[in-house]
Amino acid sequence: MPAFALVDCNNFFVSCERAFRPDLENRPVIVLSNNDGCVISRSEEAKSLGVGMGVPFFEIRPLVAEHKIVFISANHELYVDMSRRVANVLTRHAPVVENYSIDESFLTFPDDDGLYERARAARAEIRKWTGLPVSIGLAPTKALAKLGSDKAKKNGGVLSLLDAALRERILDETPVTDIWGIAKRSALRLAPHGIRTAGEFMRARDSLILSVLGIGGLRLAHELRGTSCLNLVAAPPERQSITVSRSFGAPVHSLAALQSALAVFAARAAERARRHGLRAGEVNVHLGRREGDRQLYDGDSIRVPPTCDTPSLIKTAKALAEKIYVEGRAYKKAGIVLSGLERADVSQAEFFDDGQTERSQRLSGAVDRINASIGSGALRYGGETASKGWGSRCETQSPCWTTRWEDLKAVRAAM
DNA sequence: TCTGGGGTCCTAGGACCC
DNA sequence: TCTGGGGTCCTAGGACCC
């Protein structure tokens with residue numbers, strides 16, 4: 001029978017930091033989001049002190065001080081590179097690998113022969129080559145493999161749910177919110193029907209599930225029963241959108257500052273589009289502010305002739321900003337979303353091409369290459385001025401141990 | 001007076017994920 | 001005072017068409 005494995009890096013961001021800082025082992029450690037705003041990764045020690053996922057940092061400052069919790073500002077350059085290293089090891093262990101997120105991969109196998117031993121071997125090899133601890137779940141469907149990897153964290157690292165009887169027992173003691181794809185809202189709608197555990201959900205009538213949660217919920221129920229509905233996506237589908245957005249270190253009031261931030265975001269977004277060989281047919285710009293508990297957005301979109309050209313996207317972003325900007329508002333956040341993406345190489349012929357396109361593509365390509373070799377942001381377009389009045393706060397960030405020569409770790413060996 | 005039925009496309013918002 | 005960033009999918013409702 002075909003089988004799936006989910007490989008999940010434990011406390012990924014914290015583990016990446018620990019890989020280069022052994023002194024952080026056995027201590028409570030957390031990693032903070034942009035602006036040191038929220039907690040986005042926690043070591044087991046930090047979890048047991050009661051630090052929740054996603055809680056605002058300022059709320060737990062006293063707890064941090066009391067227990068000497070180590071806090072680190074996120075270093076995504078490092079995490080992306082570590083993720084790539086894990087993926088490299090995995091390709092040696094399975095015929096098909098889907099890199100589902102920065103810290104999770106689905107593997108698929110034609111049959112489940114000796115799968116448990118193979119999973120243990122993969123886990124040991126990842127530890128050896130990257131220093132990262134992973135948990136692996138084995139099962140006949142993706143949703144079950146995911147559940148398996150969660151349970152594996154407290155079960156020696158590898159858990160097989162290939163056996164139906166064991167599966168049912170575990171589902172019966174699992175709250176329905178622990179299922180991948182079911183969160184608070186859905187749980188609230190299921191509760192009146194007496195569905196609180198994953199087991200109860202799995203055994204519920206199809207018609208009931210369909211009416212309460214829709215087609216996605218029904219697929220999930222089938223997955224839990226052992227019928228695979230979510231296929232492995234080896235070649236990731238074309239992405240639907242590209243977003244670059246940031247919260248500001250302090251509220252921003254002026255249009256000029258918002259435009260300078262958006263110019264930088266537009267340049268990043270354009271660069272990403274080019275890296276994926278895509279052009280955007282629609283640009284959205286939004287400005288976020290806070291009113292009490294609520295996040296409010298002023299935003300607007302515009303269709304454009306498909307492009308991945310930095311200057312033209314900067315121009316569009318600035319124009320949109322001007323259109324939606326309201327004087328006197330304290331903006332906390334801004335972003336740009338590129339959508340209507342199409343492959344750059346199969347674009348329709350450009351009827352109105354005035355010869356600028358090719359020149360501008362060559363220029364963009366050169367800028368990308370220079371930035372890739374020297375460091376992101378080394379070369380900028382006009383309008384992409386350095387952050388003035390909208391920069392991020394970031395107290396403590398680790399060096400880019402694996403991606404920058406100047407950050408390479410020095411090791412001294414005593415003979 | 002009587003006001004169909006089926007379809008598509010688009011958009012905004014909800015819900016969820018990591 | 002201080003609350004991330006980047007995504008996906010689904011649904012409902014409106015506009016429009018024949």
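Residues numbered from 1 in each chain as written. Chains lettered and ligands numbered in written order. Predicted model: local features only at pLDDT ≥ 70, side-chain atom pairs only at ≥ 80, totals over all residues. Heavy atoms only, no water.

What follows deals with the protein's contact with DNA strand B. Taken together, 14 residues are adjacent to DNA strand B, and Ser101, Asp103, Lys146, Gly181 and Ser186 come closest. Put simply, 100% of the atoms of DNA strand B that lie within 4 Å of the protein are in sugar or phosphate. Within the side chain of Asp103, one N or O atom sits 2.6 Å away from a sugar or linking oxygen of DNA strand B. Within the backbone of Ile182, an N or O atom sits 3.3 Å from a phosphate oxygen of DNA strand B. Breaking the surface near DNA strand B down by element, the ones donating at least two residues are strand S5 (96-101) and helix H8 (184-190). (Near = heavy atom within 4 Å. Polar contact = N/O pair within 3.5 Å; in protein donor to acceptor, adjacent residues only side chain to side chain. Helix = DSSP H or I, 4+ residues; strand = E, 2+ residues; numbered from the N terminus.)

In the vicinity of DNA strand C there are 22 residues, among which Asn34, Arg219, Thr243, Ser245 and Ser247 approach most closely. Counting only atoms of DNA strand C within 4 Å of the protein, the sugar-phosphate share comes to 71%. Between DNA strand C and the protein, one listed contact pairs a phosphate oxygen with a backbone N or O atom of Gln240 at 2.9 Å. Interatomic distance of 3.2 Å between a side-chain N/O atom of Ser241 and a phosphate oxygen of DNA strand C.

With that settled, the discussion passes to the pattern of salt bridges. Any two side chains of opposite charge can pair, so long as their charged atoms come close to each other. Under the definition given, this model contains 18 salt bridges. The partner of Arg18 in a salt bridge is Glu45, and the shortest N-O contact between them spans 3.0 Å. In this pair, Arg18 sits in helix H1 (residues 12-20) while Glu45 sits in helix H2 (residues 44-48), placing the two residues 27 residues apart along the sequence. Between Lys47 and Glu44 there is a salt bridge whose closest N-O contact spans 3.3 Å. Here Glu44 and Lys47 lie together in helix H2, a separation of 3 residues that amounts to about one turn. The exposure class of Glu44 is partly exposed, given its relative accessible area of 41%. Here the residues in one salt-bridge network are Arg21, Asp23 and Arg27, joined through shared partners. (Salt bridge = Lys/Arg side-chain N within 4 Å of Asp/Glu carboxyl O. Buried < 20%, exposed > 50% of the residue type's maximum accessible area, 1.4 Å probe, protein only.)

Another point: the side chain of His93. If you trace the backbone, His93 turns up in the loop between helix H4 (76-91) and S5. Of the residues examined, His93 reaches a relative accessible area of 19% and is grouped as buried. Non-local contacts of His93, meaning those with residues more than four positions away in its chain, are made with Phe109, Arg118, Ala121, Ala122 and Glu125. (Contact = heavy atoms within 4.5 Å.)

Okay, the packing of helix H6 (residues 142-152) against helix H10 (residues 206-225) next. Direction vectors running N to C along H6 and H10 enclose 70°, while the axes themselves pass 7 Å from each other. In terms of orientation, H6 and H10 fall into the roughly perpendicular class. Two secondary-structure elements touch here, H6 through Lys142, Ala143 and Leu144 and H10 through Leu220, Glu223 and Leu224. (Axes fitted to C-alpha atoms, helices over the stretch in contact; angles between N-to-C directions. Parallel < 35°, antiparallel > 145°, perpendicular 65-115°, else oblique.)

A separate point is the packing of aromatic side chains. One pass over the structure, following the stated rule, counts 9 aromatic pairs. Where Phe12 meets Tyr79, the ring centres are 6.5 Å apart and the plane angle is 65°; that geometry is what we call edge-to-face. You can see Phe12 sitting in helix H1 and its partner Tyr79 sitting in helix H4, a full 67 residues away along the chain. For the pair formed by Phe12 and Tyr79, the shared burial category is buried. With centroids separated by 5.6 Å and ring planes inclined at 70°, the aromatic side chains of Tyr100 and Phe106 adopt a geometry described as edge-to-face. On the basis of relative accessible area, Tyr100 is assigned to the partly exposed category, the value being 36%. Ring-pair connections join several aromatic residues into one group, and the members of that group are Phe12, Phe13 and Tyr79. Directly above the ring of Phe71 sits Arg61, whose terminal nitrogen or CZ lies 5.7 Å from the centroid. A cation over a ring is seen here: Lys409 above Trp401, with NZ or CZ 4.2 Å from the ring centre. (Phe/Tyr/Trp six-rings, centres within 6.5 Å; stacked < 30°, edge-to-face > 60°. Lys NZ or Arg CZ within 6 Å of the ring centre and 35° of its normal.)

This part is about the side chain of Glu104. Note on placement: Glu104 falls in strand S6 (residues 104-109). In this structure, Glu104 is in contact with Leu6, Val7, Asp8, Glu98, Asn99 and Lys146, ignoring residues within four places of it in sequence.

A separate point is the environment of Leu208. In this structure, Leu208 sits in helix H10. Leu208 sits in the buried class, given a relative accessible area of 16%. Each C-alpha atom, one on Leu208 and one on Leu218, is 9.1 Å from the other, the two residues being 10 residues apart in sequence. Not counting the four nearest positions on each side in its chain, Leu208 is found in contact with His193 and Ile195.

Moving on, we come to the domain arrangement of chain A. In terms of domain boundaries, chain A breaks down into domain 1 (3-155), domain 2 (163-224) and domain 3 (242-374). Between the C-alpha centres of domain 2 and domain 3 the distance comes to 40 Å. (Domains from an automatic or database assignment.)

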